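Residue-level structure breakdown
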Amino acid sequence: MDEIQEVIDRIGPEAALSKLGVVLRDLFSQVNEELRLSFVVSLIGEAGADKVASLVHL
């Protein structure tokens, strides 16, 4: 984890998000939908009664 944070600090948040997006697309293609959903929920929190969240299909 420390190595990842060092890279993010070095390249900046905008570039880090762009590069993480590429990596996550590759990782998401290798895992099942349950793991993808679990990751997204842990990242943004529980959707609760949010109707917009129900429209998103990963």
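Above this note sits the structure.
Analysis parameters
Residues numbered from 1 in each chain as written. Predicted model: local features only at pLDDT ≥ 70, side-chain atom pairs only at ≥ 80, totals over all residues. Heavy atoms only, no water. Phe/Tyr/Trp six-rings, centres within 6.5 Å; stacked < 30°, edge-to-face > 60°. Helix = DSSP H or I, 4+ residues; strand = E, 2+ residues; numbered from the N terminus. Buried < 20%, exposed > 50% of the residue type's maximum accessible area, 1.4 Å probe, protein only. Patch = residues over 30% accessible without salt bridge, like charges linked within 9 Å, V, L, I, M, F, W, Y side chains within 5 Å. Areas by Shrake-Rupley, 256 points an atom, 1.4 Å probe, with all protein chains shown as cover. Salt bridge = Lys/Arg side-chain N within 4 Å of Asp/Glu carboxyl O.

A complete count under the given rule lists one aromatic pair for this structure. Look at F28 and F39: their rings are 5.7 Å apart centre to centre, the planes differ by 75°, and that puts the pair in the edge-to-face class. In this pair, F28 is assigned in helix α2 (residues 13-28) and F39 in helix α3 (residues 33-44), connecting sequence segments eleven residues apart. Residue F28 is classed as partly exposed on the basis of its relative accessible area, which comes to 22%.

It is worth spelling out a nonpolar patch on the surface at this point. On the surface, a cluster of nonpolar side chains totalling about 330 Å² of accessible area is made up of F39, L43 and I44. By secondary structure assignment, the location of I44 is in helix α3. Classification of I44 as exposed rests on a relative accessible area of 67%.

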